[in-house]
Amino acid sequence: MDMPPTPDVAAPVIVEDHGRVRRIVLNRGAGRNLLTHEMMAALTDALDAPEAAVVVIAADGPAFCAGHDMKAMAAHHDDADGGRDYFVALFEECSALMRKIATLPQPVIAEVHAVAVAAGCQLVAACDLAVCADTARFGTTGVTFGLYCTTPAVPLTRTVAPKHAAELLMTGDVVGAQHALRIGLVNRIVHAAELTRETMALAAHIATKSAAVLALGKRAVAEQGGRPLAEAYACASAAMVDNLLLADGREGLAAFAEKRPADWQDR
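Residues numbered from 1 in each chain as written. Predicted model: local features only at pLDDT ≥ 70, side-chain atom pairs only at ≥ 80, totals over all residues. Heavy atoms only, no water.

## As for the overall build of the chain
Working step 1: Regarding its fold elements, the chain presents eleven helices and ten strands.
Working step 2: The principal-axis extent of the C-alpha atoms belonging to the chain is close to 65 × 50 × 35 Å.
Working step 3: For the chain, the residues scored as buried account for 43% of the 267 residues in total.
Working step 4: In the chain, of all internal contacts separated by at least 6 residues, the share reaching a separation of at least 24 is 64%.
Working step 5: Side chains of the chain carry 23 positive and 31 negative charges; the gap between the two charge centres is 6 Å. (Helix = DSSP H or I, 4+ residues; strand = E, 2+ residues; numbered from the N terminus. Buried < 20%, exposed > 50% of the residue type's maximum accessible area, 1.4 Å probe, protein only. Contact = heavy atoms within 4.5 Å. Lys, Arg positive; Asp, Glu negative; His and termini not counted. Charge placed at Lys NZ, Arg CZ, Asp CG, Glu CD.)

The structure is reproduced here in C-alpha cells:
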C-alpha cells in the first residue's frame, strides 16, 4: 500500500492515494465536517480520480458529517429575499455533489466512524457501499428543527425500504449502527479500531475487478432502477451485451475457459 502524502491540515479534505484506491478524508473535524460550500467544492474536486478503481469517503473528528451549517442558513433569513437565493444555490451544489457520487464510474464506499446526520446521512446513503464502526449513528434530524430532510430522502429512499426511510425522516431520531445494518443503510459493522483497515480491504478487493466492467455495471443498474419490468430487462440485457463486447468481457471469458487469472486492460 502506498504511503499517503503529508496531509495539509488546512485543507477541507485530505486525499490519500493507496495504489488503486483513493481515500478522501473530510478534514473539518472541529466543525463536525459540515457540508459548507468549501467542503462540498473540495470533496467534488477530490472525487475526480481517473487512476483510481475505488473511492472511499472517510472523516476525521467526533462526527462523520453533521449535515449543513444550520447557523449559516438561519443567518440568511435576514437577506432581502429571505435567503431564497442562498438556499437555492446551497441545495443545487449539494445535489450536484450527490449526483456526482451516484454517477462516478468507480464504486464509492463510505467509511463511517461516528455520527452522520441530515446531509451527512445523505452522503452515506449516496455512496454505493458503507462500512461503519460500532460507534456510528445515523439520522435525518431536520424535522426536529422544522426542516424536513427532503434532499437526504432522495438517496435514502433508494437505499432502504420506504417505511424505514419514512420513520427516520418523520421522527428525526438518531439510530445506532445495528439499526442501520438491519434496514440496509450500511453493509457491515466493524470495531472502531478496525474500521479503516476493513474498509480499505473491501476497497482493495473490489479494485481487483475490471474498472470498465464495474463502471458499466454501476451505470446499468442505476438506469434500470424504477423502470417497468420489461424496460428494466431490456436495459439490463443491452448492458450485458455491451459488457460481453468489451475487451475485458472477452478477456474474462477467455480467462475462465483457460483457468487462469484475468488480465484486465486497465492494469
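## Some points on the sheet that holds strand β1 (residues 13–18)
Working step 1: Pairing is mixed in the open sheet, where six strands are placed in the order β1-β2-β3-β5-β7-β10. In the strand order of this sheet, the two ends are held by β1 and β10 (188–190), each with one partner. Across the sheet, the axes of successive neighbouring strands diverge by a mean angle of 20 degrees, strand direction being ignored.
Working step 2: The pairing of strand β5 (residues 108–112) with strand β7 (residues 129–133) spans four bridges and is parallel. Looking across to β7, one finds that I109 is bridged to L129.
Working step 3: Most of the contacts of helix α8 (residues 195–206) go to β5, to which it runs at about 170 degrees, and overall it touches β1, β2 (21–26), β3 (54–59), β5, β7 and β10. (Pairing = 2+ DSSP bridges. Axes fitted to C-alpha atoms, helices over the stretch in contact; angles between N-to-C directions.)

## Focus on helix α5 (residues 150–157)
Working step 1: Within the sequence span of α5, burial applies to P152, A153, P155 and L156.
Working step 2: Those residues of α5 that are buried lie in contact with α4 (119–126) and α6 (162–171).

## Notes on the sheet that holds strand β9 (residues 175–176)
Working step 1: As summarised here, the arrangement of the four strands in space is β4-β6-β8-β9, forming an open sheet in which the pairing is mixed. On the outer flanks of this sheet lie β4 (63–65) and β9, each paired with one strand and no other.
Working step 2: Taken together, the three bridges between strand β6 (residues 115–117) and strand β8 (residues 137–139) define a ladder with parallel strand orientation. Each bridged residue has a counterpart across the sheet, and for A116 the counterpart in β8 is F138.
Working step 3: Across the sheet, α4 touches β4, β6 and β8, and the angle it forms with β6 is around 95 degrees.

## Considerations on the layout of surface pockets
Where empty space is left in the structure can be found by rolling a water-sized probe over the atoms.
Working step 1: Quantified by volume, the largest pocket comes out at close to 880 Å³.
Working step 2: Secondary-structure elements contributing two or more residues to the lining of the largest pocket are α3 (84–103), α4, β7, α5 and α9 (211–224).
Working step 3: Here the lining of the largest pocket takes six residues from α9, the largest share from any one element.
Working step 4: For the lining of the largest pocket, the residue count by class is 17 nonpolar, nine polar and five charged.
Working step 5: Here the second largest pocket is characterised by a volume of approximately 420 Å³. (1 Å grid on protein atoms, 1.4 Å probe; cavity = no way out; pocket = protein on both sides within 12 Å on 5 of 7 lines; lining within 4 Å. Points joined across faces, edges and corners; volume = space filled by probe spheres on them. Nonpolar A, V, L, I, M, F, W, Y, C, P; charged D, E, K, R; others polar.)

## Here's the deal with α3
Working step 1: Given a rise of 1.5 Å per residue, 20 residues ought to cover 28 Å, and the 28 Å separating the end C-alpha atoms of α3 matches this to within 8%.
Working step 2: Among the residues of α3, those classed as buried are F87, L90, C94, L97, M98, K100 and I101. For α3, the angular spread of the buried residues around the axis is 165 degrees, confining them to a single face. Turned more than 90 degrees from where α3 packs its buried face, R84, D85, E92, R99 and T103 sit exposed.
Working step 3: Buried positions along α3 lie against α1 (37–46), β3, α2 (70–75), β5, α4 and α9. (Expected span 1.5 Å × (residues − 1). Arc of directions from axis to C-beta.)

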